[in-house]
Amino acid sequence: MSDFELLDPGAPAGGAFTAGSAGTDPLLDGLNPAQERAVIARGPALLIVAGAGSGKTRVLTHRIAHLIREKEAWPSQILAITFTNKAAAEMRERIGGLLGDTADGMWISTFHSACVRILRREAERFGYVSGFTIYDSADSRALLKRIIKELDADSYGFTPANSGSKISRLKNELTDASGYAATMNENDPRDRLFVEIFRMYEQELRRANAFDFDDLIGQTVHLFRAHPDVAAVYQRRFRHILVDEYQDTNHAQYSLIRELTRPIAVEQVDRLVPPVRARELDANGQIPAASLTVVGDSDQSIYAFRGADIRNIVEFERDFTGAEVVKLEQNYRSTQNILSAANAVIGNNFDRQEKNLWTAEGDGAKIVGFTGYSQHDEARFVAEEIEDLHREGLDYNDMAVFYRTNSQTRALEELLIRSAIPYRVLGGTKFYERAEVKDAMAYLTSIANPYDPIAWSRLLGAPKRGIGPMAEAHLANFQEAQGISLHDAMLRVDEVPQIGPKLRGTVRGLAELLTRAAQMAAGGGATDVAAAPGEDAEEKQPAPVGDVLKLILDETEMVEKLRARRDPQDDARAENLEELVAVAREFDAKQPGAGLLAFLTEVSLVAAADDLDDTSGTVSLMTMHTAKGLEYRAVFITGVEEGLIPHQMSVDEVGGVNEERRLMYVGITRARERLYLTLASTRATFGDVSVAMPSRFLQEIPEGLIDWRQSPGEVTSRGGTASRALNAPSRPGASGSRSWSGRSSDSSVSFGSGSGRGGSGAAAVSEPASGNMQSALEQWRERKRAAKAAQAAGGGFPNTIGAGTRDNGDLELATGDRIRHDDYGEGRVTGVTGSGTKRIAHVVFDSVGERKLLVKLAPISKVE
């Protein structure tokens, strides 16, 4: 356990600035009254209810700077917690701008990063060493897969995914295997088997000297509860605790905050080092609880599926007696029309603190609504509007398309590709989850923790070197029987008679590589691989992580073997490994001498949203959950239909619709200037076409806020068979039709309401004459069959990419070149934009006029 120096807040705060000479306070200048109150308020607890776009980060950073400038706290006495590394870095940078070097001593980090720092310091208290491994989700799945196979639990329906999800949920509730066993149904064989899986999982983690991601916070809470003297050190150090996004905290995170904000009892006071001074104590002889500030918005609590508990923020005043509440309602991001729509939707929830967002920036443009006949029609509208906005001067990276489920991206991607609009789908395979990157990381992990069987097992086969499952098992059994590290077992492979002479040489060569790499990582003087990363870390200067990684890649020839396959995908994998070396070099430059353990810790804590690149010049496609914390000048929310938003799975859950409404609120408030709400009257799911109904959330938005380019009523009044025409008037004489410009008293957001043909939503896919649903479905299936045939012949629907496309990666085009298109004939190139695989040719064709073509895929050739 480390002792912390206790600084005297009454001394001058070096580097902190003072108020301006003219009576103005630079920390309060420009703040609105609510923001100013949030900065200067003092007391045991403060809840800042920060509406979307209300400047909460500015308030948090100025509050911290104000505490330090007023000499109420030293930087080392402040703990600021965020949910992502990106948010922590932004806060650190802003406070550095306000305070300079004075900010260096404070902890500004995520929950997990803060807990890792504590656990590394205190690991020996509960039987671990400071070099413990942090298992990511893939490592945990691999371990659970092995356990489930050993127990033959798959015959009962257990999988790594469902077992891991349940274990994670229990750990976030601070429940271990023994705790679950005490409350389970003992007559249920599945419950008994799950307890066995959970127990074995805990035992294997312990044996590997490892924690999974959920353990980091839970184990810290258990440490504080089991060792009050350890908790007292941190309770004394952190006198001001500030938590961002408090509405997203789960039970374990809430419990951690509760432990850190407890007063230090009299029996612990006398044991503290350095000795306690009189001014630290209250009238009862205790060190009073730290001051807690939380920032959040119950209206943006959308992570219940991850264990977030909205009660943490809704019941804050009950949990922390004497808490003050400050509401930030002035919005600096969106126009009033967008905010009015958000207020109207979220106002239908009851589990919230009442607030009303407003802006001084004016009403802005109306929200645009559009109903397509199908998801492809909807996607075509989105693509056309993106092009129009781009021509008006909006960069592609200022626009985003949101959807509720990932399955909605297919039609959107097809239309964006056909329109040659550059885009990216956020939430795909992340860098550190790619197989080749995990292979290289397995070497580094095993060097830091040679008892970790998951990393060791992975490195044995990366690259393939003939060490099969049987040899791996013999080595693991020998290691366990001898009570040595896995690396030592490999060095003593001659003592394992089941492994043949030829394979022994391979194993021994790999073990010697790991030994050299471990010695390098430890500073060049370690002889015991198991002890190298941890024991002498403070006495030796660790080698740069980039050098250690380069040694491994050179010796194993991982990059060369990938290049030798001459497969574009393997080339991309080799580039990923080279990028990993660049990441390590960048880490070495930012944190000289930090060493391998610090690098592994940083990598393991990278959050999903931290890698977002908002300068890529591409339209961003993402789920509404991913959109949290982001903002764009123009936002398209697609699929605003019952069954999608709110999602069908949420309708029957307690509080499910309320959470979906909060998700809609989050989506709306990401838009700064332009907001589009789109839906389809029919949607194909798993090959079947079904009628889609407008979301109930659309009906909660006042009619005057939406400018409908094509309304649900206009679509259904024509039976869903007319081709789309923006603002097209309804067909004369259709009894069910009506113009959306003339508002009526009944709900204007509905399919088939009124008298239309048949008077039901079925009209959306029926023929005008017969109204026969089966006939319409048969026609649709026939169209799909025809499309497949046309696609095979090189044509196809305009919303699909035909089989006749080609790879024109080597085709060079310049302004003035003549080209021939398989469908459009000849034309002249007027310009080429983009680069690499995203080059776009702007062409004026003799027959069809101007078109934009993605050079790589378009069926074109140059006319000499």
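## Quick word on the overall build of the protein
- Within the protein one finds 31 helices and 22 strands.
- Taking as baseline every contact in the protein between residues at least 6 positions apart, the subset at least 24 positions apart corresponds to 73%.
- When the accessible area of the protein is evaluated, it comes to approximately 37800 Å², of which 49% is carbon and sulfur surface.

## Brief notes about the pairing of strand β19 (residues 825–833)
- Bridging between strand β18 (residues 818–821) and β19 involves four bridges; their strand directions are antiparallel. Looking at the pairing, R818 lines up with R828 of β19.
- Connecting β18 to the antiparallel partner β19 that follows it, the hairpin turn spans three residues.

## Regarding helix α8 (residues 189–207)
- With 19 residues, α8 extends 27 Å from end C-alpha to end C-alpha; this agrees with the ideal 27 Å at 1.5 Å per step.
- Along its buried surface, α8 packs onto β4 (133–135), α5 (137–150), α6 (160–172), α7 (177–183), β5 (210–212) and α9 (215–226).
- Its side-chain oxygen at 2.9 Å from the backbone nitrogen of R190, D188 defines the N-terminal cap of α8.
- Just beyond α8, the residue with positive phi is N209, at close to 55°.

## What to know about the packing of aromatic side chains
- In total, this model carries 17 aromatic pairs according to the counting rule given.
- Through a chain of ring-to-ring contacts, three or more aromatic side chains come together here, namely W107, F224, Y234 and F238.
- Seen from the ring of W107, R117 lies directly overhead, with NZ or CZ sitting 4.0 Å from the centre.
- Of note, R120 hangs over the ring of F132, and the distance from its end group to the ring centre comes to 4.1 Å.

## Digging into the environment of R662
- Inspection of the secondary structure assignment puts R662 in helix α28 (residues 656–668).
- Residue R662 is classed as buried on the basis of its relative accessible area, which comes to 3%.
- Along the chain, R662 and Q300 lie 362 residues apart, while their C-alpha atoms are 5.7 Å from each other.
- If near-sequence neighbours (up to four positions away) are discounted, R662 is found in contact with S298, D299, Q300, S301, I302, I310, I346, N349 and D351.

## Here we look at the pairing of strand β10 (residues 399–403)
- Summarising burial for β10: five of the five residues are buried, a large majority.
- Here β10 runs beside strand β13 (residues 632–637); their pairing, made up of four bridges, is parallel. Counterpart to F402 in the pairing with β13 is I637.
- With four bridges joining them, β10 and strand β12 (residues 619–623) adopt parallel strand pairing. Along β12, the bridge assignment pairs A400 with S620.

## So, the confidence of the model for the protein
- When the pLDDT values of the protein are averaged, the result is 80; 82% of them are 70 or greater.
- Here residues 1–22 scores under 50 on pLDDT; set against residues more than four positions off or in separate chains, the count is 58 contacts.
- Per-residue pLDDT stays below 50 along residues 719–774; that stretch engages in 112 contacts with residues further than four places along the chain or on separate chains.

## Quick look at the sheet that holds β19
- Taken together, the five strands give an open sheet; going across it, the order is β21-β20-β19-β18-β22, and neighbouring strands pair in antiparallel fashion. Unpaired on one side and paired on the other, β21 (849–854) and β22 (860–863) mark the two borders of the sheet. Along the sheet, successive strands turn relative to each other by an average axial angle of 40°, direction set aside.
- Two elements, strand β20 (residues 840–845) and β21, share six bridges in a ladder whose sense is antiparallel. Within the sheet, the bridge partner assigned to I840 lies in β21 and is L854.

## Overview of unusual backbone geometry
- Omega for the peptide link from V273 to P274 comes to 0°, which places this bond in the cis form.
- In this structure, P274 sits in the loop between α12 (266–269) and β7 (291–296).
- In this chain, I645 is followed by P646 through a cis amide linkage whose omega measures 5°.
- Here P646 lies in the loop between β13 and α27 (648–651).
- Of note in this structure, A420 is not a glycine but carries a positive phi near 55°.
- Mapped onto the elements, A420 comes out in the loop between α17 (409–418) and β11 (423–425).
- Even without a glycine there, the phi angle at E557 is positive, about 55°.
- Here E557 shows up in the loop between α23 (545–556) and α24 (558–564).

## Focus on the pattern of salt bridges
- Going through the model one piece at a time under the given rule, you end up with 52 salt bridges.
- Here R683 and E378 are joined by a salt bridge, their closest N and O atoms 3.0 Å apart. Pair noted here: R683 is in strand β15 (residues 682–685) and E378 is in helix α16 (residues 375–391), with a separation of 305 residues, a long-range link. Like R683, the residue E378 is buried in the burial classification.
- For R672, the salt bridge is made with E631, and the minimal N-O distance between the two is 3.8 Å. With R672 in strand β14 (residues 671–680) and E631 in the loop between β12 and β13, this pair connects stretches of sequence that are 41 residues apart.
- For R672, a relative accessible area of 29% translates into the label partly exposed.
- Its relative accessible area of 39% is what places E631 among the partly exposed residues.

Rules used throughout
Residues numbered from 1 in each chain as written. Predicted model: local features only at pLDDT ≥ 70, side-chain atom pairs only at ≥ 80, totals over all residues. Heavy atoms only, no water. Helix = DSSP H or I, 4+ residues; strand = E, 2+ residues; numbered from the N terminus. Contact = heavy atoms within 4.5 Å. Areas by Shrake-Rupley, 256 points an atom, 1.4 Å probe, with all protein chains shown as cover. Pairing = 2+ DSSP bridges. Expected span 1.5 Å × (residues − 1). Polar contact = N/O pair within 3.5 Å; in protein donor to acceptor, adjacent residues only side chain to side chain. Phe/Tyr/Trp six-rings, centres within 6.5 Å; stacked < 30°, edge-to-face > 60°. Lys NZ or Arg CZ within 6 Å of the ring centre and 35° of its normal. Buried < 20%, exposed > 50% of the residue type's maximum accessible area, 1.4 Å probe, protein only. pLDDT = per-residue confidence, 0-100. Axes fitted to C-alpha atoms, helices over the stretch in contact; angles between N-to-C directions. Salt bridge = Lys/Arg side-chain N within 4 Å of Asp/Glu carboxyl O.

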